[in-house]
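Reading the structure
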Number of protein chains: 2
Amino acid sequence: MKYVYHFEEGSKEMKNLLGNKGAQLSEMTKIGIPVPPGFIISTRACVEYLSSKKINDEIVQQVKEAMKKLEESTRKKFGSENNPLLISVRSGAPISMPGMMDTILNLGLTDEIVENLAKTTNEWFAYDTYRRFIQMFGSIVNGIDENKFEKIIEEEKKRENVKKDQQLSVNALKRIIMHYKEIVDVPPPEKQLFMAIEAVFKSWNNERAINYRRLNNLPNDLGTGVVIQAMVFGNLGNDSCTGIVFTRNPANGKNNLYGEFLLNAQGEDIVSGKRTPLSIEKMKDIMPEIYDELNKVAKNLEKHYKDMQDIEFTVEKKKLYILQTRTAKRTGMAAVNVAVDMVKEGIIKKEEAVLKITPNQIEQLLHNQIDPLAKKKEKAIAKGLAASPGAAFGAVVFTADDTKAYENTILVRPETSPEDIEGIHVAQGILTSRGGLTSHAAVVARGIGKPCVVGCSEIFIDEEKKQFVVGDRVVREGDVITIDGTTGEIYIGILPVVKAEFTGNFSELMNWAKEFKKLEVRANADNPEDAKISQDFGAEGIGLCRTEHMFFKEERIRAIREMILADSKEERKKALSKIEPYQKEDFKEIFRVMNGLPVTIRLLDPPLHEFLPKEEKEIKELASFLGVDESSVREKIENISEFNPMLGFRGCRLGVKYPEINEMQARAIFKAMIESKKEGIKAIPEIEVPLVGDVKELVMIKKIIEKAAEELNVKRDEYKIGTMIEVPRAALTSDEIAREADFFSFGTNDLTQLTCGFSRDDAGKFLPLYVEKGIYEKDPFQSIDKKGVGTIMKICVEKARNVKQNIEIGICGEHGGDPDSIEFCHKIGLNSISCSPYRVPVAIISAAQASLRHN
Amino acid sequence: MKYVYHFEEGSKEMKNLLGNKGAQLSEMTKIGIPVPPGFIISTRACVEYLSSKKINDEIVQQVKEAMKKLEESTRKKFGSENNPLLISVRSGAPISMPGMMDTILNLGLTDEIVENLAKTTNEWFAYDTYRRFIQMFGSIVNGIDENKFEKIIEEEKKRENVKKDQQLSVNALKRIIMHYKEIVDVPPPEKQLFMAIEAVFKSWNNERAINYRRLNNLPNDLGTGVVIQAMVFGNLGNDSCTGIVFTRNPANGKNNLYGEFLLNAQGEDIVSGKRTPLSIEKMKDIMPEIYDELNKVAKNLEKHYKDMQDIEFTVEKKKLYILQTRTAKRTGMAAVNVAVDMVKEGIIKKEEAVLKITPNQIEQLLHNQIDPLAKKKEKAIAKGLAASPGAAFGAVVFTADDTKAYENTILVRPETSPEDIEGIHVAQGILTSRGGLTSHAAVVARGIGKPCVVGCSEIFIDEEKKQFVVGDRVVREGDVITIDGTTGEIYIGILPVVKAEFTGNFSELMNWAKEFKKLEVRANADNPEDAKISQDFGAEGIGLCRTEHMFFKEERIRAIREMILADSKEERKKALSKIEPYQKEDFKEIFRVMNGLPVTIRLLDPPLHEFLPKEEKEIKELASFLGVDESSVREKIENISEFNPMLGFRGCRLGVKYPEINEMQARAIFKAMIESKKEGIKAIPEIEVPLVGDVKELVMIKKIIEKAAEELNVKRDEYKIGTMIEVPRAALTSDEIAREADFFSFGTNDLTQLTCGFSRDDAGKFLPLYVEKGIYEKDPFQSIDKKGVGTIMKICVEKARNVKQNIEIGICGEHGGDPDSIEFCHKIGLNSISCSPYRVPVAIISAAQASLRHN
């Protein structure tokens, strides 16, 4: 039975036998990349060991033979004092698995060998390496508590009065080694090797690994491979070096080697920052042949892996070794440029380019970012939830009104409410101390693409004093801060901001994505500005236009309140007739921007008390405006309040009880449509009834809308009537509802609240813990909970399509902009998604990727 | 083609052809009941008329022949002045349908004939009959507005200065007829007949009838029959009479004829109350042969229809005619006695007896009732929702504390909260001005079988003044009122109350029901008293024992509050250790009562803020008890408050975050179990985890419980662990959850709130309107919404049974006591239902009926 494979014998297809790491090293070897030589003990050997509880003779024999071959190819000798072969021993399962033994470096060292190593390299390095080896060996192979080693080091640091390990003297390292050896027995090299191999085998069945497999539903009988590889040293003189190189520029994607290296050094030296590395460009002068070879290797790896690589290398005495290569991290801009360039270079196809961009990279691209260099120097004073991406700075203000008091402002509130809308528009950014990623501030900010950080519980706001406290620092109105909505960080002062920038490659990529996607991508937009932005970003219509946001402007809110507090239908109608012209104008403006594209308009949805004043002053004003006494206004406000407003008198329930409200809205829509037509604008309204739970509700509201249309001579095929699917009951009875609806739109925010039984306003008390404990994989308000909400969505789609094959079904919750959710929507066969204007490109890419992945 | 059928030719099976009414009259004729003779024009004729728009010659011919035969059998002549045959013409469709033409009586009258009728009967009766005939004919056949007739009558009443129609003089009636004839043309008898027939045919397609069919999904092409029957007169002398008779006593069920009659009178005379009728017993003396015949007819009808009948009869010149028979209304007591007696008499089988009792009748039987006679005399001052049946009287009090201030009290509150529990127990009855049938007061009152009226919005409570106002009447603390929880009525003073009484027949019937039912019937009980009552009523276990109700007793609530406001796990544990002994004792007492029967104990469920004080005084007390300052208590209370508590931090979410709470509860349960065992009591706890939405929550809490059991050496088969199914997501992922659960219990209150998307505390603003408009057939909080909630329940049961065939599934929401819902639960294959103790007999009967109907 063959248990041991040299890298030359394997390939990336042999993962099951060689483990992931071993297969990758084999693959690189196969395509001629100069990796340090080595071999793999196969997973088969591990399985055999686990059943027999010993490493059988055949395995021992094969390992010894492989070691011999390794000695030959490296021209070193394992256990030799003069020319020692040092090796690394690593575990490598077919599926990478935290909790298993990882790596022992420099195996093969002994007291005698280290002395020689100290002479040929440098003393500090040699003894530090030996110290590390003993520590790794002791803790991993012998299972000695890490703390014991740390304690020994701490004592030496105290003794030498230094803070960092690197500051210890060589003598200190020697003393440490002495103390280590009091608790760790360092056997001769061959014994080291087999003990390490056995430790790797055993680690397959340690508790953490078993738990991990159970939780992730992975098989228990795969076993792990053991990768044994020669160590190479970049610190053997000035013909040696070590470095990190990107195959292209990770900041902008330009096609040049990019990176740095250090002569006569080991990898740690670059990270520790003790010496300043040189730009990789300099290598051209110092070791031109190596540079050329590196360049070739880079091209080779890129072609082979079809992506930009991040490569670690070491040169040991003029010989280049590649230690590791992996897909390179990059900025959004680089990602786009690299992908499009690679298509042009013939390395990848358009489909692959589209699949290569992460939605997050697209998102990054659209917003201003704090200069990464600046972020390295400045420390954030607090961190909240990254609610809406982008960077913004401005003077701190604490009320919506004050946002006009300075040129640039950051609005800081405990949480925002619909009354703050104007302030949110005016400010450069929003910061709240409460609320989650779907709180009011977060939703509105994302909707208008404004940087926003929410739930920053580290800051304590004192609204009266107009200041907030964080730690022992007081930030007062007018003080300038910078917020990073991409990361949730808050900084004092102005940090340099890198402007969002679109290259030609971006629009090329977006065009490819549009070609591949099946889902129609629309935007949620309540006003002409947002409608315009979403169209510029490629939206194919408006998927959700919330009429209530229009109600908060000052001149309207009074009439709304008058309507809400009316005692009779007549009074209500009178108040509504004041609002109608405003609504009509709003719709007209949106129709103008969206000329020829569909606009889904949702009828009034929120509970009426959201429109009523909360503060004494406002109540007084309202009473005097209505000519009634304050106490009666207060009483009505109280009567209209609710225990669970989310489950209260809202949505189409308003229209069922007060048909005149929807009547007014329908009239405003149709009048806007007619007037637009006269101006040569084609309006395509799709009127959406919210919170339907039973088809009869839809039928009632539908009649109101159709009557308004008839009275204004609008034909039935000039508009559509559909419904939100946000109440579980609607999803469950979608067959009945489909018969009466031209379209459905999943309101997954409310559908999630109701299906999971938690309010997004209150879930902050337990939802983070739930995600942490893995009860929910992700926050279900950010990414569709496929198991619960997804199941009910599938039921809904199936039932509806059963009675109306071609009914248009979309989604317009916050999830419409989430890549994972978009993929799900594609898979269950929705027709469209709708998201905030600034997420349209993300949605287009995600839709294209979903389509390419699941045809 | 045969279009016309004499009563002798039909039977009850021929509904489609003869219509319901015609088929019934035929059936009676067939079994020898003396009904006035007549015939039916079939639905086929109607369908023919509706397509040809005329009554064809064949139909005309057959009607004329049938009239001839009718003249022969009545020995009267249609249109004759001396011996006129008068007839009634009625519509009668296969399915009874409001909105269609109903009845024209005394057709065949003319000016000439009425004069003769006046001579042979009495003048007033004759002219009043004629007046009515013209009015019916005019409005039904000619479509004249009823108001025109009413106006004419009103003028005559003014002229004679009388208030009631009956007080008009004969001359007035004659003047009215004169005026009527100015707007109605009274044709000769034969024309009257055919015009009436045509009117019946046409009424099939009037708007109301069409709407009715559309709404109820009835076919449009059935057509209606026309029933033509000879009129008979009980006012043709002292050998004539009219009366109403029950085949048994409707009050107590005794097997004697029961009823009353009036000599020389028509049916209206009994109803109008102008003359006092005689008891039917008297007939034995006055017309013994008729009494005997009536008695025989009664027995005959009972045997034929297998039920107690309510019979209208007329004797015309010594000849008995049965005008109508129908199933008699009866009290609960009568219903039980009649059903059991009929089994003994061999008329029906046990199964039929069980099916004959309505659940409402059982309910009535269990509660004191206001004497029906007293209710006829006294007027209610207000009417609310009948929340918990039974009658109670007492002094009005406005706080829970004051319930002890008088011997009998009625607790009057705007609404109740958990803090009022003790007061609710002490008071004789509860009256609230707010809240619906599932409000706190309603649920608690039903749970303990206490009369309760809720949502009585006509009363205005002033808590400070300790009074309520209704209309212009002020009711102060100490004033005595009587409430009727069966009807929702409120009376001033004490009304006589009829005590609930159980006969031997009741337990006999219940035993039969237990024999037939498949569902296990349990009760919701939180304390030993309720547990005892439910057992007496036949409960087979406790299906829901809510631990939190135990927390409100004075000595405990402090420790609870201490626990809630704790800052650390240690503090929480300290407070919990104070509560544990109380919980243990509570469980022990319940176990003792339920010895050997299963007790489902639900772990802590409500949001914690429900336990916190609301009033300033209480907050002060709590702060001083905890030794902290008030503002910090207030701050914590505010932090813990929620926007939508129903969707908040509650249920198993509490246990996931604070495992120590459930740990304490599990320990208390197991300790109680162990101590019970020592006393020879067998405790069978089934521990229930509330508000589970994902199996992982259940797994976490399960571990806590199992650990507590292990530590106390309780074996795993001595208790069960299950979960409530109340979150839609749990129902949708029931396969996963079933793997970890020993049992499920549907919490249909919350499941309804979440599936339909409305809070039961707020739905009062629209739900009544929704039921009124037919959007929901019934209040979904009273009766399971089968279309929505029922669908998700079915999905849940199927998925769960797929992975665990025998998992026990029950229901414990308010719906567990609703007959319709019980039937549904039986049909979808649940194992058990649980309801309030006082509804156990209702549930048993309903379960038996469901089993008999669907097996």
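All values reported here derive from a predicted model rather than from experimental measurement.

On to the overall build of chain A, then. Counting its secondary structure elements, chain A contains 34 helices and 31 strands. The C-alpha extent of chain A, read off along each of the three principal axes, is 105 × 60 × 55 Å. Here chain A holds 855 residues, and 58% of them are scored as buried. The long-range fraction of contacts in chain A, counting pairs at least 24 apart against all pairs at least 6 apart in sequence, stands at 67%. A total of about 35900 Å² of accessible surface is found on chain A, and carbon and sulfur atoms cover 48% of it. Mean positive and mean negative side-chain charge positions of chain A (122 and 130 charges, respectively) differ by 3 Å.

So, about the confidence of the model for chain A. Overall, the predicted model of chain A reaches an average pLDDT of 92, with 98% of residues at or above 70. For this predicted complex, the interface score ipTM comes out at 0.76, while the overall pTM is 0.78.

Right, let's talk about the pattern of salt bridges for a bit. Per the stated rule, a full pass over the model turns up 131 salt bridges over all chains. In this structure, Lys578(B) engages Glu562(B) in a salt bridge whose closest nitrogen and oxygen atoms are separated by 2.7 Å. Note that Lys578(B) is positioned in helix α22 (residues 569-593) and Glu562(B) in helix α21 (residues 554-564), a separation of 16 residues in sequence. Judged by its relative accessible area of 11%, Glu562(B) falls in the buried class. Each member of the salt-bridge network shares a partner with another, and the members are Lys584(A), Glu585(A), Lys588(A), Arg592(A), Glu675(A) and Glu679(A).

Listed by partner, the interface residues are 50 residues for chain B and 50 residues for chain A. Summed over both partners, the interface of chain B with chain A buries about 4600 Å², with 58% contributed by carbon and sulfur atoms. At the junction of chain B and chain A, the tally comes to six salt bridges. The closest approach of N and O atoms between Lys787(A) and Asp694(B), which form a salt bridge, is 3.0 Å.

What follows concerns the relation of the copies chain B and chain A. The two copies are related by a screw motion: chain B maps onto chain A through a turn of 180° and a shift of 0.1 Å along the axis, at an RMSD of 0.2 Å. Expressed as a symmetry operation, the mapping of one chain copy onto the other fits a two-fold axis. If distances are taken from each C-alpha of chain B to the rotation axis, the shortest is found for Asn644(B), at 2.2 Å. A high fraction, 100%, of the interface residues of chain B reappear at the interface in chain A, so the copies pair face to face through one surface.

So, on to a negative patch on the surface. Together, Asp401(A), Glu422(A), Glu554(A) and Glu621(A) line one region of the surface with negative charge. Take Asp401(A): it is sitting in the loop between β14 (391-397) and β15 (409-413).

Turning our attention to the pairing of strand β2 (residues 38-41) of chain B. All names here are of chain B. Side chains of β2 alternate between two faces, with Gly38 and Ile40 and Phe39 and Ile41 buried alike. As judged from the three bridges shared by strand β1 (residues 4-6) and β2, these two strands associate in the antiparallel manner. Counted as the bridge partner of tyrosine 5 is isoleucine 40 from β2. With four bridges connecting them, β2 and strand β5 (residues 225-230) associate as antiparallel partners. Across the sheet, residue isoleucine 40 finds its bridge partner in β5, namely valine 227.

The next thing to look at is helix α6 (residues 146-160) of chain B. Residues and elements named next belong to chain B. With 15 residues, α6 ought to run about 21 Å at 1.5 Å a step, and its terminal C-alpha atoms sit 22 Å apart, in line with that. Buried within α6 are the following residues: Phe149, Ile152, Ile153, Glu156 and Lys157. Taken around the axis of α6, the buried residues stretch over an arc of 135°, which confines them to a single face. Of the exposed residues in α6, those oriented more than 90 degrees away from the buried face are Asn147, Lys151, Lys158 and Arg159.

All names here are of chain B. One way to put it is that helix α33 (residues 819-827) packs onto helix α34 (residues 840-853) with a least axis distance of 9 Å and a crossing angle of 45°. Between α33 and α34, the crossing angle belongs to the class labelled oblique. Between α33 and α34 the crossing geometry is right-handed. Where α33 approaches α34, its residues Pro819, Ile822, Glu823 and His826 are matched on the opposing element by Val842, Ala843, Ser846, Ala847, Ala850, Ser851 and Arg853. Along the lines of polarity and charge, the residues of the contact of α33 with α34 split into six nonpolar, three polar and two charged.

Our focus in this paragraph is the side chain of Gln192(A). With respect to the helices, strands and loops of the structure, Gln192(A) is situated in helix α8 (residues 189-203). Separated by 2.7 Å, the side chain of Gln192(A) and the backbone nitrogen of Gly108(A) make a polar contact.

This brings us to the packing of aromatic side chains. Counted under the stated rule, the structure contains 34 aromatic pairs over all chains. Ring centres of Phe125(A) and Phe233(A) lie 6.0 Å apart, and the angle between their planes is 80°; on these two criteria the pair is classed as edge-to-face. A residue pair is termed long-range when its members are at least 10 positions apart, and Phe125(A) in helix α5 (residues 123-141) and Phe233(A) in the loop between β5 (225-230) and β6 (241-246) qualify at 108 residues. Between Tyr770(B) and Tyr776(B), the ring centres sit 6.5 Å apart and the planes meet at 25°, which makes this aromatic pair stacked. Note on Tyr776(B): relative accessible area 3%, which makes it buried. Joined through ring pairs, the aromatic side chains of Phe649(A), Tyr658(A), Phe758(B), Phe766(B), Tyr770(B), Tyr776(B) and Phe781(B) make up one cluster. Positioned above the aromatic ring of Tyr321(B) is the side chain of Lys319(B), whose terminal nitrogen or guanidinium carbon lies 4.9 Å from the ring centre.

Quick look at the pairing of strand β24 (residues 520-524) of chain B now. Residues and elements named next belong to chain B. By the criterion of burial, β24 is predominantly enclosed, with four of the five residues buried. Bridge count for β24 against strand β31 (residues 832-835) is four bridges, and the pairing is parallel. The residue of β31 that forms the bridge with arginine 522 is serine 834. The pairing of β24 with strand β25 (residues 542-546) spans two bridges and is parallel. Residue asparagine 524 lies in a different strand from β25, and its bridge partner there is leucine 544.

Residues and elements named next belong to chain A. An ideal rise of 1.5 Å per residue puts 26 Å on 18 residues; helix α12 (residues 288-305) measures up with 25 Å between its terminal C-alpha atoms. Within α12, burial applies to Ile290, Tyr291, Leu294, Val297, Ala298, Leu301 and Glu302. Take α12 and look down its axis: the buried residues cluster within an arc of 135°, on one side only. Within α12, the exposed residues directed more than 90 degrees away from the buried face are Glu289, Lys296 and Lys303.

Quick notes on the rules
Residues numbered from 1 in each chain as written. Chains lettered and ligands numbered in written order. Predicted model: local features only at pLDDT ≥ 70, side-chain atom pairs only at ≥ 80, totals over all residues. Heavy atoms only, no water. Helix = DSSP H or I, 4+ residues; strand = E, 2+ residues; numbered from the N terminus. Buried < 20%, exposed > 50% of the residue type's maximum accessible area, 1.4 Å probe, protein only. Contact = heavy atoms within 4.5 Å. Areas by Shrake-Rupley, 256 points an atom, 1.4 Å probe, with all protein chains shown as cover. Lys, Arg positive; Asp, Glu negative; His and termini not counted. Charge placed at Lys NZ, Arg CZ, Asp CG, Glu CD. pLDDT = per-residue confidence, 0-100. Salt bridge = Lys/Arg side-chain N within 4 Å of Asp/Glu carboxyl O. Buried area = accessible area lost by both parts, 1.4 Å probe. Least-squares fit on C-alpha atoms with pLDDT ≥ 70 in both. Patch = residues over 30% accessible without salt bridge, like charges linked within 9 Å, V, L, I, M, F, W, Y side chains within 5 Å. Pairing = 2+ DSSP bridges. Expected span 1.5 Å × (residues − 1). Arc of directions from axis to C-beta. Axes fitted to C-alpha atoms, helices over the stretch in contact; angles between N-to-C directions. Parallel < 35°, antiparallel > 145°, perpendicular 65-115°, else oblique. Left-handed = near helix turned anticlockwise from the far one by under 90°. Nonpolar A, V, L, I, M, F, W, Y, C, P; charged D, E, K, R; others polar. Polar contact = N/O pair within 3.5 Å; in protein donor to acceptor, adjacent residues only side chain to side chain. Phe/Tyr/Trp six-rings, centres within 6.5 Å; stacked < 30°, edge-to-face > 60°. Lys NZ or Arg CZ within 6 Å of the ring centre and 35° of its normal.

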